[in-house]
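Chains, contacts and geometry: an overview
Letter by letter, the chains look like this.
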Amino acid sequence: MRILQVASEAVPVCKTGGLADVVTALSRALVECGDDVGVLLPAYRGTIERTGATLRHELGDPLGLGHPARVWTAPLADTGATLCLLQCDPLFDRDGGLYGDPQGVDWPDNHLRFGLLARVAAQLALASPALDRPVDLVHAHDWQAALAIGHLTWWGAGRPATVFTVHNLHFAGRFPHSVLPAIGAPASAWSPSELEFFGEVSLLKAGLVHADRVTTVSPTYADEIRTPAGGIGFDGLLRWRGEAVRGVLNGIDTSVWDPARDEALTVRYDASRLDDKHLARAALQREVGLDPQTHAPIFGVVSRLTWQKGIDLLLEAWPAALAVGAQLVVLGSGEAGLELALAELAAAHPGRVAFVRGYDEGQSHRIFAGVDCLCVPSRFEPCGLTQMYAMRYGTPPVVRKTGGLADTVTDDDTGFVFGPPTAAACADALVRAAVAYADRPRFVAMQRRAMAERHDWAASAQAYREIYREAVASRGALR
Ligand code: ADP
């Protein structure tokens, strides 16, 4: 099947979160199954140079913005997929982040930036100048790509099948009603059965309403978002879509995330050489300035620092872990209040708590390897990748029972699971982990079970291919 993936990020080109890992790993897995895969991304600053892409097509000015758009192509790393980079320099060639300025404030023209991405995706899918021939299916990810599915539906005849994946329902792509003409949507899109959402436009709805199949990234999250509590206003629509909505658990790219071959590590190991993990632990303590103790566990966090991730619960629970001698290392950035609280905690407990503010891919690998338990206390978590990386590195995670965390970690078997989103429940799980760590044979058995869990993409890619086949068969027959 010829498939065009459309997304706002994909490793190794650009990444802010799990979406980037998933788009590339899924593409690799689909190519391995024999599919022909293109991946369309915006050409953010430096990406054309870094990937060695070549100019493939001049697209004119699809949204009438006064700036030409072009598509450049290159191999997507070693995946076998084709990377298509959409160049429109005034929109994408900027200092700052993928979605916002250097201070993290959303770019005011995000509707145009991703409106153009979606428009070009729909154009490529039909005429496919950069991909040589039309595609069978467009797979759009999150609100930034959702409008591609709207365009294909509105344009009608001869369209490819469409699949839309929600990686996080909380990012709904909300804008004022007035943006609709500028992003090329028809006037009819301003309706509750289309993009209208509580007095605004939600670009996410273009995917939720129109895709032949809607998926999300774990079975439990698929259930949660169909309830009023988890659906944050979209639950009625998602229930109405019925069997068209599915949960497919993300996998991890085991060629990238492998403690036996990981080049970011100074000490490599596998399940038969767990003593070497202790060397990785000692190296991490030196790297982040923790005291070289071995008697109590090191807990780690690698995360965006936001309300979703429950970092405040961990902060409130932390005295219980400190009391049993635990250490903590946190790598991340995000909300100013959480960054400040973590910096204060680290200052108050030198050698016991380390906070590295920022984003560092290599260090994230060394944390997954070097800590004893990874904490993922999320209030909600569509899938979550870090708990799966941690398990693969022999690091049992402490997680809240929600979304993909509930689907991937088994309490007291491959990790520690707590229920209510409270500091008390989190503290209880941290202390349980510390007690387990102190019982070496028990903890090593748990590490081995965690490492033996299979979270590679093979099964998930098959599930997507089945959904793709259904989408092609039922094209246009909504609901
Ligand atoms: P989300 O997509 O909600 O942020 P996921 O767990 O699905 O959460 O994916 C997060 C991805 O981003 C993982 O690959 C994780 O290792 C990575 N990550 C998050 N924060 C950092 C950081 N500060 N430095 C390096 N990698 C990070």
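Everything numeric in this text was worked out from a predicted model, so none of it was measured.

Turning our attention to the pattern of salt bridges. Overall, the coordinates contain 31 salt bridges when judged by the stated rule. Notably, a salt bridge pairs aspartate 21 with lysine 15, separated by 2.9 Å at the nearest N-O pair. Take lysine 15: its relative accessible area is 21%, and that puts it in the partly exposed class. Each of Lys15, Asp21 and Glu361 takes part in one network of salt bridges that share partners.

Core analysis: the largest hydrophobic core is formed by 132 residues, its most contacted members being Leu40 and Leu208. In terms of residue count, helix α4 (residues 110-127) provides more of this core than any other element does, ten residues in total. Counting contributing residues per domain, this core is built from domain 1 (2-251 + 458-475) and domain 2 (271-452), each supplying no fewer than three. The residues contacting leucine 208, other than those within four sequence positions of it, are Phe164, Val166, Leu169, Val214, Phe234, Leu237, Leu238 and Arg241. Ranked by size, the runner-up nonpolar core spans 34 residues in total, among them Val301, Ile311, Leu328 and Ala433.

It is worth spelling out the pairing of strand β2 (residues 36-42) at this point. Along a regular strand, successive side chains alternate from one face of the sheet to the other. With six of seven residues buried, β2 lies mostly within the body of the structure. Bridge analysis of strand β1 (residues 2-6) against β2 gives five bridges, and the strand direction is parallel. Bridge pairing in β2 places leucine 4 opposite glycine 38. The parallel pair β1 and β2 is bridged by helix α1 (residues 18-32), and the resulting crossover is right-handed. Bridge analysis of β2 against strand β5 (residues 82-87) gives five bridges, and the strand direction is parallel. Following the sheet pairing, valine 39 is matched in β5 by leucine 83.

Around the ligand lies a shell of 20 residues, among which Lys15, Gly18, Asp21, Arg304 and Gly358 are the nearest. Glycine 18 has a polar backbone atom sitting 2.8 Å from an oxygen atom of the ligand. Here aspartate 21 contributes a side-chain N or O atom positioned 2.8 Å from an oxygen atom of the ligand. When the free accessible area of the ligand is taken as 560 Å², the share hidden by the protein chains comes to 92%. Taken together, the residues that form the shell around the ligand break down as six nonpolar, eight polar and six charged. Counting residues domain by domain, the shell around the ligand receives three or more from each of domain 1 (2-251 + 458-475) and domain 2 (271-452).

Conventions we followed
Residues numbered from 1 in each chain as written. Predicted model: local features only at pLDDT ≥ 70, side-chain atom pairs only at ≥ 80, totals over all residues. Heavy atoms only, no water. Salt bridge = Lys/Arg side-chain N within 4 Å of Asp/Glu carboxyl O. Buried < 20%, exposed > 50% of the residue type's maximum accessible area, 1.4 Å probe, protein only. Core = buried A, V, L, I, M, F, W, Y, C linked by side-chain atoms within 4.5 Å. Helix = DSSP H or I, 4+ residues; strand = E, 2+ residues; numbered from the N terminus. Domains from an automatic or database assignment. Contact = heavy atoms within 4.5 Å. Pairing = 2+ DSSP bridges. Right-handed = clockwise from strand over helix to strand, strands pointing away. Near = heavy atom within 4 Å. Polar contact = N/O pair within 3.5 Å; in protein donor to acceptor, adjacent residues only side chain to side chain. Areas by Shrake-Rupley, 256 points an atom, 1.4 Å probe, with all protein chains shown as cover. Nonpolar A, V, L, I, M, F, W, Y, C, P; charged D, E, K, R; others polar.

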